[in-house]
Structure formats: C-alpha cells, structure tokens
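Per-entry structural report
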Amino acid sequence: MRPWKLSLWLILTAGSLIFVCKTNVRIVTSSVPKRFVSPGARTTVPHAHLPPRAVSEPIPITAPTDSREASVMGAAIREDFPILSQRIHENKPLIYLDSAATSQKPSRVRLKLREAMKRASTEGVQALKEDYERARGLVADFINAGSSREIVFVRGATEGMNLVARGWGDLHIGEGDEIILSVMEHHSNMVPWQALAERKGARLRFVPLTETQEFDFEAFEKMVIPGKTKIVAMNHVSNVLGCPNPVKQVVSVAHAAGALVSLDACQSVPNMPVDVSELGVDFLAASGHKMLGPTGVGFLWARKELLLDMVPLNYGGYGSESVSIPTSMHGGDEEDDEQAEQANGDDEDPDGAAGLKPVPWRFEAGFGPVAEAIGLGEAVEYLTEIGMENIHKYEQDLGKLLYSLLRDVPGVTLYGPPPETKSGSERGGLVCFNCKGVHSNDLAFFLDQEGVAIRSGHHCTQPLHRALGVAGSARGSMYIYNTPEEVVGFVEALNRTLKLFADLGFGVEDTPPCPLVSTNDPTLRDPGIERPCTELWPKGGTLSGSDSEEEE
C-alpha cells in the first residue's frame, strides 16, 4: 500500500473511532471544542495514554423530600419568565443556572422598561423624572437607607466602586496609608483600589482564606492599624465560595480604628435581606441586572455626609447647578447658590459653593440610565412582593441540595465551606466546582449541549483561584425561578457528561493539593504558568510575613 493511501486509511479509521454515540449525547470530531486557554492561565493538558477515570453509569437522582416542599416558589413564578419555558438542542428543556452572572427578567420589568423608553422618545425624558425619583426611593427602602438622597444611580456596581475609590479615595488616601481587601474580591472591587494605591503611594493588604476557605477574621484583625488603615473593601457574599462574610464584625474592628468599610453587595442584595443601618457599612454597591433588573444600571449607597465629602467621577450636564465664564466650575455668586439650595429644598447641602447640584444628582452627570433605573424600581417591587426572607430561605435550600448532590459525584472538588460548618450553613444558591481531568470550559460546553447553562472560567476572581490552586472553575447558581427538579436534572446531565469524557480517555496525572492555609498575603505570590501552586507556601505551611516579602 502506498504511503499516502496508508495515511488516508489511518485518518479515516481514527475519525470513525472518535465518533461516539450515547443515549442522550452525540459528538463528532468537529464538535469537540479547542481548549480554551486564556493568556497567562495555567492549565493541564489531558494525556491520552492514561486510563479513563472510572465513572459509574448515570442514575436517576431523587430530590430529598424536604426540598420538594420548597419548590413551590420556583414553580409558582415560572410563567413570569417565558425564556425558561423554551426547549433547545434537540428539544431539551433549558436549565438556566447562571444567575450569579446575570438574572433573567420577569415580564413586568421588561414591559416597564419598554414603556419608559417609549415615553422618553415621545414625551421627552423630563416626563420620566417622577418615576425616576420614585425608583430611587424604592431602592432606598429596599436596603433601609436613611434617605433616597443616599442612593446614586450608576451604570453598574463597577462604576459605583470606582466612584468610591476615586471620589472618596483620592481625597482621603495618601502615601503610606493602607487599604485592606480580601483575596476573594471580584476584580471590580480590587482593581480600582490597586489603581488608587498606585496613584497615591498607598499600600494594599489582603485578607487570606482559612483552611475551610473562609474569610480569615483573625488575620484581618492583625492587619488593622489605627490611623494607618483608611478603608476596608470587601464583598458581602463571594461569587465563588458562596458564603457570607462577617461584615458586622469587620465594621466593628474597622470603625474602632477610624477606618471606613466599602461593601460589594452584588451577590447579597438580590438574594437576601440587606439592611445598611444594621450592617453599619459606609458604602454599598450593587448591580441591577443581577436582581431581575435591566442591564446598564446599578446603585451606590453612602451615608449623606460621606457623599458630601466626595467629588464626582464625571462633571457637566445634569450634574451641574450653575456654570459661568470666566470663573471655573466653582463659579456662580452667593445669590445663585442660595437659589440652587432653595430649589432643591435642602439648606444643609452647601452645593452652590462648588457649582454642583446637591447630592446625589451631582454624581449623575450626563444623560443617565433613566429608563433602566425605572425598570430596576419595578424589579425591586417584584422582589419585595415575594419577600427577601422567603427568597433567602428558598435559595439556601437549593444551594444545599446542589452541594449535597455534587459531593457524591466522583472526581468533583467543591469550593467554599460545606453546609455543615458554621459559615457554610449560610451558603446561598451557588456552588463552584471542578471535575478531575476536565477543563471547566469544556465541561460548560458539553453541558450546554444538554440544555444546561452554567458559568466557567475565573469569574473575575483570578487572585482567589490562584489561592485555590486552579486556573478556573465551573459554577452553578440558582435564583427564585429555579426548582429542585432543575438541580437534579443538572446533576444527572453532569454525570452523563463526565461518563462521556471518561469513555474518551480524558484524565490527568494526580497533583498534590494546594494547601489552603492562612498566609500574610498570598495574592502577591502569583504561581504564574510554570510554578506549581504549592510554591506559594514554603514548607511548614505559612509565610514569614515580613514587609519585604509582601512587597516583592
């Protein structure tokens, strides 16, 4: 046989061997995705010579009896979310488990948004002013703010946290001051503070994880230095670990040292009761699209005295009260200032001195997300009618169900404290995990073919994943419209998918686990793409904690 004929025969034979038919999944060579490798990410390449990981045949899973009673909420409101009734990929029902990234929108929110945009086009945006301010009041009541004037509408939580870092931080952080973050922060609550520290010559400190992957409160207490620590920025609930952090205790320690606390509440405000007066924080930011609202809108809450002590991110347009030439933006005489204050009904707000409108409007320069904010107000009303206590309890039940089912799947590693621990008992409706020998992106791709939508990657928490010793993870996250039956269906699909990978011979060499111990600052020791995770920690499991090591 000629060489070219032999090569062709080998190619065709290999192609026919790769063709796999399963009961519910069919894959051809053209369907297998390329490895999704982000620049700089450390990934493991499967070795075909290794034996396939043993995975038992998928079996039907039955939800516990107590979780069936909780399914009333999800089933009762499903009709408000028509998208969840669609069938995809050969008539499979859609199971949407990506609400921690963005939530679906109920019909009434979409209709409210459409109505507001239509009115803005036909009647002018001024016709929406009353509804816009009503939405501000709804948000204020939702988090028990002292006044609607403590709510600033922004494009999203990212802009809100940048507003704190710029508007407050630039005025109050100086060289040598310290900013405390945690290793589990979303990039939106980390990068603005890194930029501030670089601008001002300040120092960043990071709270590590405990062995049970929780916020290390003892390490945090040792970091706080009265007079030197200026602000603590942390999340309320981790978008990877799924557990609430000890916010009240952090606030107590920080305030005693004269520091403020800024809270990323993107994973808490949509899913549990949040009371800013009870928490005692100084700033709080959340996104609308994670709480049934439209995209492009969120809010920042801050105590009014802090808003008065901040500068805007943007100037001009709607944020200005009076502008004159040749003076600067601080122009305008005393008479103009008095008229501005009287027009806004607050003689305690010294706005005219800066030529700006009173708070919060001075922070909303330009044509803002007016229709989107009105849609957010409608979403807040929807959530309030259901009751945040009810929502929180329901999501906790779903989260515990998912965690317990995933724990029984061979080869699965779960992240965050388990439900039987003190912190884990308050877990919400999300679980991050990895499956041995399968890249999270590949897993998400094939689950998509089963009709299951999950999230994969680093979830904008690269430092946290480095501390966990992995490049990324898969995440299933539930919301009020999900049901226990969907959780069970997801795990059944996962078992089928893992069986498929095992039959294809996907597996990896065993590597030692990355030790999760309290360290002084693990984020400053990036394992990169060459060094194993275990090099983050020297023998003995702890770092010396010297200043030179922290700054290298």
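Residues numbered from 1 in each chain as written. Predicted model: local features only at pLDDT ≥ 70, side-chain atom pairs only at ≥ 80, totals over all residues. Heavy atoms only, no water.

Considering the sheet that holds strand 16 (residues 455-457)
Filter applied, for reference: Here, a strand pair is defined by DSSP locating no fewer than two bridges between the strands. Starting at the N terminus, helices and strands are each numbered in turn, a helix being any DSSP run of H or I of at least four residues and a strand any DSSP run of E of at least two. Simply put, an axis is a line fit to the C-alpha atoms, just over the touching stretch for a helix, and the angle between two N-to-C directions goes from 0 to 180 degrees. Throughout, a residue-residue contact means that at least one pair of heavy atoms, one from each residue, lies within 4.5 Å.
Across the sheet, four strands lie side by side as 13-14-17-16; this open sheet has antiparallel pairing. Each end of this open sheet is capped by a strand with a single partner; those strands are strand 13 (412-415) and strand 16. Adjacent strand axes in the sheet meet at a mean angle of 30° when their direction is disregarded. Sheet topology places strand 16 next to strand 17 (residues 473-477); three bridges connect them, and they run antiparallel. The residue of strand 17 that forms the bridge with Gly 457 is Ser 473. In the packing of helix 13 (residues 388-407) onto the sheet, contacts are made with strand 13, strand 14 (430-435) and strand 17, and the angle to strand 14 comes to roughly 15°.

Here we look at the pattern of salt bridges
This is how it is decided: Think of a salt bridge as a Lys or Arg side-chain nitrogen and an Asp or Glu carboxyl oxygen that are within 4 Å of each other. Accessible area is worked out with a 1.4 Å probe on protein chains only. A residue is then buried under 20% of its type maximum, exposed over 50%, and partly exposed in between.
Overall, the coordinates contain 23 salt bridges when judged by the stated rule. One salt bridge in this structure joins Glu 381 and Arg 134, with 2.9 Å as the shortest N-O distance. Of this pair, Glu 381 sits in helix 12 (residues 370-386) while Arg 134 is found in helix 4 (residues 129-142), placing the two residues 247 residues apart along the sequence. Judged by its relative accessible area of 44%, Arg 134 falls in the partly exposed class. The residue Glu 278 makes a salt bridge to Lys 248 at a minimum N-O spacing of 2.7 Å. Note that Glu 278 is positioned in helix 9 (residues 276-279) and Lys 248 in helix 8 (residues 247-256), a separation of 30 residues in sequence. Among the ionic contacts, a cluster of salt bridges with common partners joins Asp 98, Arg 455 and Arg 475.

Some words on the pairing of strand 14
With six of six residues buried, strand 14 lies mostly within the body of the structure. A two-sided burial pattern is seen for strand 14, the buried positions comprising Leu 430, Cys 432 and Asn 434 on one face and Val 431, Phe 433 and Cys 435 on the other. As judged from the four bridges shared by strand 13 and strand 14, these two strands associate in the antiparallel manner. Residue pairing for strand 14: Val 412 is matched across the bridge by Cys 435. Two elements, strand 14 and strand 17, share four bridges in a ladder whose sense is antiparallel. Residue pairing in the sheet places Cys 432 in a bridge with Arg 475 of strand 17.

So, the environment of Gln 267
So the rule is basically this: We define a polar contact as two N or O atoms separated by no more than 3.5 Å, with the added condition that, inside protein, one atom must be a possible hydrogen donor and the other a possible acceptor, whereas residues neighbouring each other in sequence contribute only through side-chain atom pairs.
Relative to the elements of secondary structure, Gln 267 occurs in the loop between strand 10 (260-264) and helix 9. Measuring from C-alpha to C-alpha, the distance between Gln 267 and Ser 287 comes to 9.0 Å, with 20 residues separating the pair along the chain. For Gln 267, the residues in contact, after removing those within four places along its chain, are Ala 100, Val 237, Asn 239, Lys 290 and Leu 430. For Gln 267, the side chain forms a polar contact with the main-chain oxygen of Ala 100, separated by 3.0 Å.

Considerations on unusual backbone geometry
The peptide bond linking Val 359 to Pro 360 adopts the cis configuration, its omega dihedral lying at 5°. Along the chain, Pro 360 turns up in the loop between helix 11 (334-343) and helix 12. You will see that His 459, though not glycine, has its phi angle at about 55°, which is positive. Phi is positive for Cys 460, close to 60°, though the residue is something other than glycine. For Cys 460, the location among the structural elements is in the loop between strand 16 and helix 15 (462-468). By relative accessible area, Cys 460 is classed as partly exposed at 32%.

Examining the packing of aromatic side chains
For the record, the criterion: Any two of the Phe, Tyr and Trp rings considered here, Trp counted by its six-membered ring, make a pair once their centres fall within 6.5 Å; the pair's planes then place it as stacked at under 30 degrees, edge-to-face at over 60, or tilted in between.
Summed over the entire model, instances satisfying the criterion amount to ten aromatic pairs. With a centroid separation of 6.2 Å and 90° between ring planes, the pair formed by Phe 81 and Tyr 382 is classed as edge-to-face. Of this pair, Phe 81 sits in the loop between helix 2 (65-77) and strand 3 (87-88) while Tyr 382 sits in helix 12, and the two are 301 residues apart along the sequence. Across the pair, Tyr 382 and Phe 81 agree in class, each one buried. Relative to Tyr 481, the ring of Tyr 479 has its centre 5.6 Å away and its plane inclined at 80°; by these criteria the two rings are edge-to-face. The class of Tyr 481 is buried, set by a relative accessible area of 0%. One aromatic cluster in this structure is built from Phe 81, Tyr 382, Tyr 479 and Tyr 481.

Digging into the packing of helix 4 against helix 12
The description of two packed helices rests on the angle between their axes and on the distance between the axes. Note the threshold: Every angle not falling under 35 degrees, over 145, or within 65 to 115 is termed oblique; those three ranges are roughly parallel, roughly antiparallel and roughly perpendicular. Left-handed describes a crossing whose near helix is turned anticlockwise from the far helix through less than a right angle; right-handed describes the clockwise counterpart.
Following both chains from N to C, one finds helix 4 and helix 12 inclined at 40°, their axes separated by 8 Å at the closest point. As summarised for this structure, helix 4 and helix 12 are arranged oblique, according to the angle between their axes. Where helix 4 crosses over helix 12, the handedness of that crossing is left-handed. Along the contact surface, helix 4 presents Asp 131, Tyr 132, Arg 134, Ala 135, Leu 138, Val 139 and Phe 142, while helix 12 presents Val 370, Ala 373, Ile 374, Leu 376, Gly 377, Val 380, Glu 381, Leu 383 and Thr 384.

Brief notes about the nonpolar core
Stated precisely, the cut-off is as follows: Buried residues of nine kinds, namely Ala, Val, Leu, Ile, Met, Phe, Trp, Tyr and Cys, make up a nonpolar core once their side-chain atoms join them within 4.5 Å.
The biggest cluster of nonpolar side chains holds 109 residues, and the ones touching the most others in it are Phe 299, Phe 433, Ile 480 and Phe 490. Here the element with the most residues in this core is helix 12; it accounts for ten residues. Other than its neighbours up to four places away in sequence, Phe 433 contacts Leu 406, Val 412, Thr 413, Leu 414, Tyr 415, Leu 443, Ser 473, Ala 474, Arg 475, Gly 476, Phe 490 and Leu 494. Membership of the second largest hydrophobic core comes to 31 residues, among which are Val 164, Leu 300, Ala 302 and Leu 306.

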